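One-letter residues, chain by chain:
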Amino acid sequence: MPAITNIEDLKRIYERRVPRMFYDYAESGSWTEQTFRENSSDFDQLRLRQRVAVDMSGRTTESEMIGEKVAMPVALAPVGITGMQHADGEMKTAKAAEKFGVPFTLSTMSINSIEDVAGFTDAPFWFQLYMMRDTDYVSRLIQRAKDAKCSALVITLDLQILGQRHKDIKNGLSAPPKLTAKTIANLATKWSWGIGMLSAKRRDFGNIVGHVEGISDPKSLSTWAAESFDPTLDWDKVAKIKEEWGGKVILKGILDADDARMALKVGADAIVVSNHGGRQLDGALSSIRALKPILDAVGDEIEVHLDSGIRSGQDVLKALAMGAQGTYIGRAFIYGLGAMGQQGVTKALEIIHKELDTTMALCGETDVRNLGRHNLLVPEDFEGRWQS
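Right, let's walk through the structure included here.

Cut-offs and rules
Residues numbered from 1 in each chain as written. Predicted model: local features only at pLDDT ≥ 70, side-chain atom pairs only at ≥ 80, totals over all residues. Heavy atoms only, no water. Axes fitted to C-alpha atoms, helices over the stretch in contact; angles between N-to-C directions. Helix = DSSP H or I, 4+ residues; strand = E, 2+ residues; numbered from the N terminus. Parallel < 35°, antiparallel > 145°, perpendicular 65-115°, else oblique. Contact = heavy atoms within 4.5 Å. Pairing = 2+ DSSP bridges. Salt bridge = Lys/Arg side-chain N within 4 Å of Asp/Glu carboxyl O. Buried < 20%, exposed > 50% of the residue type's maximum accessible area, 1.4 Å probe, protein only. Polar contact = N/O pair within 3.5 Å; in protein donor to acceptor, adjacent residues only side chain to side chain. Left-handed = near helix turned anticlockwise from the far one by under 90°. Nonpolar A, V, L, I, M, F, W, Y, C, P; charged D, E, K, R; others polar.

Okay, the packing of helix 1 (residues 7-17) against helix 15 (residues 331-362) next. Helix-helix packing is characterised by the crossing angle of the two axes and by the distance between the axes. Two numbers describe how helix 1 lies on helix 15: the axes approach to 10 Å, and their chain directions differ by 175°. Considering their axes alone, helix 1 and helix 15 lie roughly antiparallel with respect to each other. Contacts between helix 1 and helix 15 involve I7, L10, K11, I13, Y14 and R17 on the former and, on the latter, A332, I334, Y335, G336, G338, A339, M340, G344, K347, A348, I351 and I352.

Next comes the structure, spelled out in structure tokens:
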């Protein structure tokens, strides 16, 4: 095993070990992938201010997200079909997050079910909810998350209509994989992945199969999923779901200041500035560019987190210095999971933590909670002079 020093090292191993359709699922965006690319490249435009002759002993990256203590302000974002990246992927990712001391968010479209993850971990995790047309199913899903003692409900708002991702269509993405000649040829080169999948607890969508009438095979599941996202979702429905949940609510997919104000109005505990990793509205602003206008709109009245584009501890620091109170990683931990299972997720977290801690020190800070714009050099037009 070569020395692994950064997230890109994990990505290279991940690409070798995981079937192409699942690699492409993670490593792609919608349409031209402009937003997908700019989510990461826009971080590169922010420069760090080096400071010297500061006592760097006693540093801490500990913080809080929605009142929960975290080893660093980095949560693991909800990622669909994580259990197809590695056998029992959601369970192993949740365990790695628990041991490291950061939040794990389970996707509605996970392979391992809410109950699987709850039975495999001791720490409460967050559950991400997609709004579906079937309100009875949504209510049962919420109750299952309550029964599993999930400590927050993360409602994704930016997937009422599915953005087109060319690679997924061309690959015939499904769980389990469709056995075409092309798929079989690729799977034959991923024998370690295949051996692991033979012993996996599940290979279909654990939160759906057995919980929705008429779902019995991949085809019926695919049809149901394609038709189930609720295009009528509005703020009144969000408020009702919040009331039904009765606990902490995080609203994910905010890119506009007006929507941030509405999230504040419905009483969310936090919002996530996110463009779904560039997988929905291609041509939208990167999350890091969209952050400041949203912060200006809501001030300190609601906790503001940031998702999309974070690949390093330096990206985490830049997001925090720009004003976010928490961050999320998705692809970064998926690379680790696909490369090395639970150990790989831990490795990804260790890499990001070390980069965050070292960069913080070289910027003259000893406490992650003290990061601010004073730690950055920001281009004058970074937030842009956009007109609407």
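Here the narrative resumes.
Quick look at the sheet that holds strand 4 (residues 74-76) now. Overall, parallel pairing links the eight strands, which are arranged 4-11-10-9-8-7-6-5 in an open sheet. Each of the sheet's edge strands pairs with one partner strand only, and the pair in question is strand 4 and strand 5 (105-106).

What follows concerns the pattern of salt bridges. The full count for this structure, using the stated rule, is 17 salt bridges. Between R144 and E115 there is a salt bridge whose closest N-O contact spans 2.8 Å. With R144 in helix 6 (residues 135-147) and E115 in helix 5 (residues 114-120), this residue pair connects regions lying 29 residues apart in the sequence. With a relative accessible area of 39%, E115 lands in the partly exposed category. Note that K237 is salt-bridged to D230, the shortest N-O span being 3.0 Å. Among the residues examined, D230 registers a relative accessible area of 6% and is labelled buried. One salt-bridge network, in which partners are shared between bridges, spans E15, R20 and D24.

Here we take up the environment of A268. In this structure, A268 sits in the loop between helix 12 (257-265) and strand 9 (270-273). Since its relative accessible area comes to 11%, A268 is described here as buried. Taking the C-alpha atoms as reference points, A268 and V154, separated by 114 residues in sequence, lie 9.9 Å from one another. Setting aside chain neighbours within four positions, we find A268 in contact with K242, V249, L251, A263 and I302.

Time to look at the side chain of S107. Residue position: S107 is located in the loop between strand 5 and helix 5. Judged by its relative accessible area of 4%, S107 falls in the buried class. Separated by 2.9 Å, the side chain of S107 and the backbone nitrogen of M109 make a polar contact.

Bringing the packing of helix 6 against helix 11 (residues 235-245) into the picture now. Where helix 6 contacts helix 11, the two axes come as close as 10 Å, and the packing angle between them is 40°. Of the two elements, helix 6 crosses helix 11, and the hand of that crossing is right-handed. On helix 11, the residues that touch V138, S139, I142, A145 and K146 of helix 6 are I241, E244 and W245. A breakdown of the residues in the contact of helix 6 with helix 11 according to their chemical character gives five nonpolar, one polar and two charged.

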